[in-house]
Amino acid sequence: MAEVETSTRPISPPTIDASASPSQNLSQALTTQNDDTSTEPPQKKIKLIRRKRRPARPQVDPSTITSEPPPQTGTIFNIWYNKWSGGDREDAYLSKTAAKNRCNISKDSGYTRADKTPGSFFCLFFARGICPKGHECQYLHRLPTLFDVYNPNVDCFGRDKFSDYRDDMGGVGSFMRQNRTLYCGRIHVTDDIEEIVARHFAEWGQVDRIRVLTSRGVAFITYTNEANSQFAKEAMANQALDHNEILNVRWATVDPNPLAQKREAARIEEQAAEAVRKALPADFVAELEGRETPDMKRRRLLESGFGLEGYEAPDEVWHARSKELEGIKMQEQIGGTQEKMMIEDAAASEPLHEKPDASENGNGIFSGSTIAKLKEYTTNGRSSTADAPKEPSGPLVGYGSEEDSD
């Protein structure tokens, strides 16, 4: 919002001549006021300019790019993939050659044509620091984020994964496992090796943890997002840290440490739980987790009254009633029992007992309630025997078959 600066200069009152007429004094005052307003400086306005996102710059000069055939590393040249096959899976000489350039995220990032297309992949040459196209590139020139999710069969650069890793743990990787850990070798051993590794690899995304083997010059870097680990592998391949070494960056194998495996299993379970939370309704998830949303609290206040205006049942009664209703619903699904209301008619709920005699309240062997129960039992027994059907009698009582002996 623009700010306006106003002048706070005091306006001097006009001088009035006592000998002049009132009309002359009025015209003199107006003339003085007009002179003051004409000499007042114009108001200054501050205009806010929003800078747009800058375009991606070319990392190398396009005129220096020459199309040279790849060096022969095999026996058969594949024209479709423009590489040799049938020989070694990796050239040992190339793996010890320093990279030509390095990506600078703070200066090279920017928008490209791929920003207009949802689901675009990242530029492989941008990660290596040798993309000559700049904002004309058809791929993204920025770091991956948590919102950049792709098919597990491809990496963030759009390359197809395989069912198994290469023998040297290089290449694209495998789609059978979500690998977020990089192996980095050939590190120059110094006293501050951990700080150097953390500073260089933190440029490519959020790092979960780093483990450095100081005696061997080896480090294991685990990223929070798999796309960041894929980007960092290409960005740091054959690069140098602080001592002009040539790094050997590969995919890490499965950690044999039981604690690491347990931690990875817990992380996968948490991801699955988060996906389930996003798929289910918020009220249902809150009920499963034992939380109470405002809608659930409002519904509970309405239901806890049990039809009585101004009554709110305690938590113990409400939970007991909820469990009872759940049990009744299950019984209805199984056998179809009728639901019993919690609040019933007092006259219908109390049993019809006869008032005990004065002798029953005395100091006898049985108490009054015990005698009342015995009388009720005998009354029910008599009514059951009276209602029982009588045995038939008559001349045809024994007639039950067609034999001659009968």
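Our structure is the block above this text.
These figures come from a predicted structure and were not determined experimentally. (Residues numbered from 1 in each chain as written. Predicted model: local features only at pLDDT ≥ 70, side-chain atom pairs only at ≥ 80, totals over all residues. Heavy atoms only, no water.)

Focus: helix 4 (residues 193-201)
- Those residues of helix 4 that fall on the buried side of the exposure criterion are Ile193, Ile196, Val197, His200 and Phe201. Along helix 4, the residues classed as buried sweep out an arc of 110° about the axis, all on the same side.
- For helix 4, the secondary structure elements touched by its buried residues are strand 5 (181-185), strand 6 (207-213) and strand 7 (218-223). (Buried < 20%, exposed > 50% of the residue type's maximum accessible area, 1.4 Å probe, protein only. Helix = DSSP H or I, 4+ residues; strand = E, 2+ residues; numbered from the N terminus. Arc of directions from axis to C-beta. Contact = heavy atoms within 4.5 Å.)

Quick notes on the pattern of salt bridges
- All chains considered together, the criterion is met by 18 salt bridges.
- In this structure, the salt-bridge partner of Arg142 is Asp148, at a minimum N-O distance of 3.1 Å.
- Since its relative accessible area comes to 13%, Asp148 is described here as buried.
- Linking Arg199 and Glu195 is a salt bridge whose minimum nitrogen-to-oxygen distance equals 3.0 Å. On the criterion of helical spacing, the pair formed by Arg199 and Glu195 is a turn pair, its members being four residues apart in helix 4. (Salt bridge = Lys/Arg side-chain N within 4 Å of Asp/Glu carboxyl O.)

Side note on the environment of Asp108
- Tracing the sequence through the fold places Asp108 in helix 2 (residues 105-108).
- Each C-alpha atom, one on Asp108 and one on Gly129, is 8.6 Å from the other, the two residues being 21 residues apart in sequence.
- Looking at Asp108, its side chain comes within polar contact range of the side chain of Arg57, at 2.7 Å. (Polar contact = N/O pair within 3.5 Å; in protein donor to acceptor, adjacent residues only side chain to side chain.)

Regarding the nonpolar core
- Core analysis: the biggest nonpolar cluster contains 37 residues, and Ile187, Val197, Trp204 and Phe231 have the highest contact counts within it.
- Once you skip the residues sitting within four places of it in the chain, Phe231 turns out to touch Ile105, Phe126, Ala127, Arg142, Leu143, Pro144, Cys156, Phe157 and Trp204. (Core = buried A, V, L, I, M, F, W, Y, C linked by side-chain atoms within 4.5 Å.)

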